[in-house]
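Summary of structural features
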Amino acid sequence: MGKPAVAVLAAGLGARFGGDKLEAICAGKPLGRWAIEAVEAAGLGPRIMVTGPAGASFAEGWTTLVNPQPEAGLGSSLALAADWARGEDSLLVLLADMPLVTPAYLRELAASPAPAATRYPEGHAGVPALLDRKLIEMAGKLSGDRGAGPLLRGATLLDPPPGMLRDVDTGEDLAEVQRVLAANRPPPSASRPPPP
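Residues numbered from 1 in each chain as written. Predicted model: local features only at pLDDT ≥ 70, side-chain atom pairs only at ≥ 80, totals over all residues. Heavy atoms only, no water.

**Points about the pairing of strand β1 (residues 5-10)**
- Burial within β1 is extensive, with six of its six residues counted as buried.
- By the alternation rule, side chains of β1 split into A5, A7 and L9 and V6, V8 and A10, which are all buried.
- Here β1 pairs with strand β6 (residues 90-95) via five bridges, running parallel. Opposite V8, over in β6, you have L94 as the bridge partner.
- The pairing of β1 with strand β4 (residues 47-51) spans five bridges and is classified as parallel. Bridge pairing links V8 to M49 in β4. (Buried < 20%, exposed > 50% of the residue type's maximum accessible area, 1.4 Å probe, protein only. Helix = DSSP H or I, 4+ residues; strand = E, 2+ residues; numbered from the N terminus. Pairing = 2+ DSSP bridges.)

**Focus: the layout of surface pockets**
- Taken as a whole, the second largest pocket holds about 280 Å³ of empty space.
- Lining the second largest pocket are 18 residues, with P99, L100, V101, T102 and L181 positioned closest to its centre.
- Looking at the lining of the second largest pocket, the elements that each hand over two or more residues are α1 (31-42) and α5 (171-184).
- The dominant element in the lining of the second largest pocket, judged by the number of residues it contributes, is α1, at four residues.
- Here the residues of the lining of the second largest pocket are counted per class, giving 12 nonpolar, three polar and three charged. (1 Å grid on protein atoms, 1.4 Å probe; cavity = no way out; pocket = protein on both sides within 12 Å on 5 of 7 lines; lining within 4 Å. Points joined across faces, edges and corners; volume = space filled by probe spheres on them. Nonpolar A, V, L, I, M, F, W, Y, C, P; charged D, E, K, R; others polar.)

**Some words on the nonpolar core**
- Membership of the largest hydrophobic core comes to 65 residues, with the highest contact counts inside it found for L92, L106 and L152.
- Here this core gets seven residues from one element, more than from any other, and that element is α1.
- The contacts of L152, once residues within four sequence positions are left out, are A117, A125, G126, A129, L131 and L135. (Core = buried A, V, L, I, M, F, W, Y, C linked by side-chain atoms within 4.5 Å. Contact = heavy atoms within 4.5 Å.)

Structure (structure tokens):
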């Protein structure tokens, strides 16, 4: 089986954040850019991003699908992604407001037998998740604010790296993930060759 198709869901209204959170700068780049760079670094594709009507400035090089009614909820964005992926063997779904998702974890999930999902602290299944053909068909019928969670009962659960599941809903969340990203960055001297 080949690599899964990938959909990054980025059509949320960011109401708790007070506006378009995915365009907010997080550790030097738009918040939404972190998730798509993780997908790119993982070498996965074909891939799309589902955005709201305003689009996403950080989706350069990606095919985008516009959710004309993002207020209809996460299910409507997942349904658009599933319609795009119809006929694929599997679809990896993740959210654009989770900047701590790692390429290594995405590769591990993509290599798992579908359906597979991320184990959350409470024990339930969530995203990032890998849908099989049957679940892609079911996801195409979703609406409202329920995402993939109800579809993932019985999926193989993978344990994510510690701290990876942090999503950004508020300004405080943004400040916290910026601290984590800054702490994980190598110092500038580590990437420079020694002077001659």
